[in-house]
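# Breakdown of the fold
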Amino acid sequence: MRVLVTGAGGQLGRDLVEAYAAHDVTGLTRDQLDISSEVAVTAAIRDLGPRLVINAAAWTDVDGCEADPDRAHAVNALGPWWLARACERTGATLVHVSTDYVFGGPAPSAGGPAPSAGGPAPSARAEPRGWTEFDAVAPVNVYGRTKAAGEVLVRQTLAAHHIVRTSWLAGASGANFVTTVLRLARERGELAVVDDQYGCPTFSRDLAGAIVELAASGRSGTLHRANAGHASRFELAVAVVETCHLDAVVNPQSSSQVDRPAARPGWTVLDDRHARAIGLTPLPPWRDGLERLLRELGEI
């Protein structure tokens with residue numbers, strides 16, 4: 001099968017190209033294909049003739065998107081639309097990688113048993129549940145809004161599509177939260193990390209395998225694919241430092257103590273029960289994925 005991977009210079013793109021090594025795969029980096037150009041996208045898909053296109057290209061600089069919303073819209077919204085239009089014309093299938101940052105409202109409640117007649121009301125708020133594919137999106141920043149727009153445009157344009165929402169992605173190539181924690185822990189010996197932002201740490205090798213499975217399944221639509229379990233940014237940073245036995249202290253802080261151009265959502269934990277219900281393989285626990293990544297990086 002002929003496969004095209006956009007964003008092939010990124011951490012997920014590189015792992016996807018490797019995952020499809022047994023196929024006729026072409027990986028195009030941002031320099032080789034600017035997905036915000038409809039002319040370039042149309043020509044690439046026409047000339048290469050892929051049966052499967054996987055869009056791992058995006059502008060993921062959350063603060064950068066806030067400062068330049070037009071560029072963010074061109075890459076994160078129009079880019080997927082151009083790909084979907086080109087795939088519709090050629091009969092190709094599109095896998096589009098999206099983000100947990102399409103969510104941003106109050107964490108959804110898991111609910112709980114109703115109080116018995118005459119009994120006391122519940123004394124504490126129910127534990128939040130993960131977001132499902134059927135919850136309404138409510139992004140709080142430009143990055144999330146442009147990614148949500150890209151999802152809508154893909155759905156409206158192409159029936160043969162898979163939209164894959166993932167969370168807190170980290171891989172062996174490129175910069176990410178894990179590599180940033182490693183660098184700062186060594187440079188400073190002490191770092192402060194927010195403890196009120198929660199998500200599902202996900203590792204690009206695991207996600208690449210999940211995308212291969214999904215693309216072969218014929219299950220079109222929107223699905224959540226993330227490593228099992230969830231953590232705060234602080235908990236993830238502590239896990240990195242402890243697993244690598246680094247001589248560093250990680251201190252918790254609140255988001256209100258960090259002055260950044262773009263707001264960050266507090267709860268973007270993704271529920272994958274829909275993917276599991278249709279027969280897709282659950283991704284491993286995030287701590288297992290983290291250990292494998294750190295081994296790949298030569299840190300343990």
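Just above sits the structure.
Below is a short write-up of the structure. What you see is a predicted model; the values in this text were computed from it and never measured.

## Some points on the nonpolar core
Membership of the largest hydrophobic core comes to 52 residues, with the highest contact counts inside it found for Val 41, Ile 45, Val 53, Leu 94, Val 178 and Leu 290. Among the elements of the structure, α2 (38-48), α3 (62-67), α4 (69-90), α5 (142-157), α6 (177-188), β7 (190-194), α8 (233-243) and α10 (286-296) are those that each provide at least two residues to this core. A per-element tally of this core places α4 first, with 7 residues. Look past the residues within four positions of Val 178 in its chain and what remains in contact with it is Ala 170, Phe 203, Val 240, Leu 290, Leu 293 and Leu 294. Counting residues in each nonpolar core, the second largest holds 18 residues, with Val 3, Tyr 20, Ala 208 and Ala 275 among its members.

## Re the sheet that holds strand β4 (residues 93-99)
Taken in spatial order, the 6 strands of this open sheet run β2-β1-β3-β4-β5-β10, and their pairing is parallel. Of all strands in the sheet, those with a lone pairing partner are β2 (24-28) and β10 (221-224), marking the two edges. Sheet twist, expressed as the mean angle between neighbouring strand axes with direction ignored, is 20°. Here strand β5 (residues 161-166) runs beside β10; their pairing, made up of 4 bridges, is parallel.

## Some thoughts on helix α7 (residues 204-217)
Over its 14 residues, α7 extends 20 Å from the first C-alpha to the last, a length consistent with the 20 Å expected when each residue adds 1.5 Å. Taken as a whole, α7 has its buried residues at Ser 204, Asp 206, Leu 207, Ala 208, Ala 210, Ile 211 and Leu 214.

## A few points about the pattern of salt bridges
A full pass over the atoms with the stated rule returns 18 salt bridges. Residue Arg 183 pairs with Glu 187 through a salt bridge whose shortest N-O separation is 3.4 Å. Of the two residues, Arg 183 and Glu 187 are both situated in helix α6; the distance of 4 residues between them amounts to about one turn of the helix. Among the residues examined, Arg 183 registers a relative accessible area of 42% and is labelled partly exposed. The exposure class of Glu 187 is exposed, given its relative accessible area of 53%. In this structure, Glu 291 engages Arg 295 in a salt bridge whose closest nitrogen and oxygen atoms are separated by 3.1 Å. Placement of the pair is Glu 291 and Arg 295 together in helix α10, with a separation of 4 residues, close to one helical turn. The exposure class assigned to Arg 295 is partly exposed, which follows from its relative accessible area of 49%. Taken together, the shared-partner salt bridges connect Asp 15, Glu 18, Arg 205 and Glu 296 into one network.

Rules used in this analysis
- Residues numbered from 1 in each chain as written.
- Predicted model: local features only at pLDDT ≥ 70, side-chain atom pairs only at ≥ 80, totals over all residues.
- Heavy atoms only, no water.
- Core = buried A, V, L, I, M, F, W, Y, C linked by side-chain atoms within 4.5 Å.
- Buried < 20%, exposed > 50% of the residue type's maximum accessible area, 1.4 Å probe, protein only.
- Helix = DSSP H or I, 4+ residues; strand = E, 2+ residues; numbered from the N terminus.
- Contact = heavy atoms within 4.5 Å.
- Pairing = 2+ DSSP bridges.
- Axes fitted to C-alpha atoms, helices over the stretch in contact; angles between N-to-C directions.
- Expected span 1.5 Å × (residues − 1).
- Salt bridge = Lys/Arg side-chain N within 4 Å of Asp/Glu carboxyl O.

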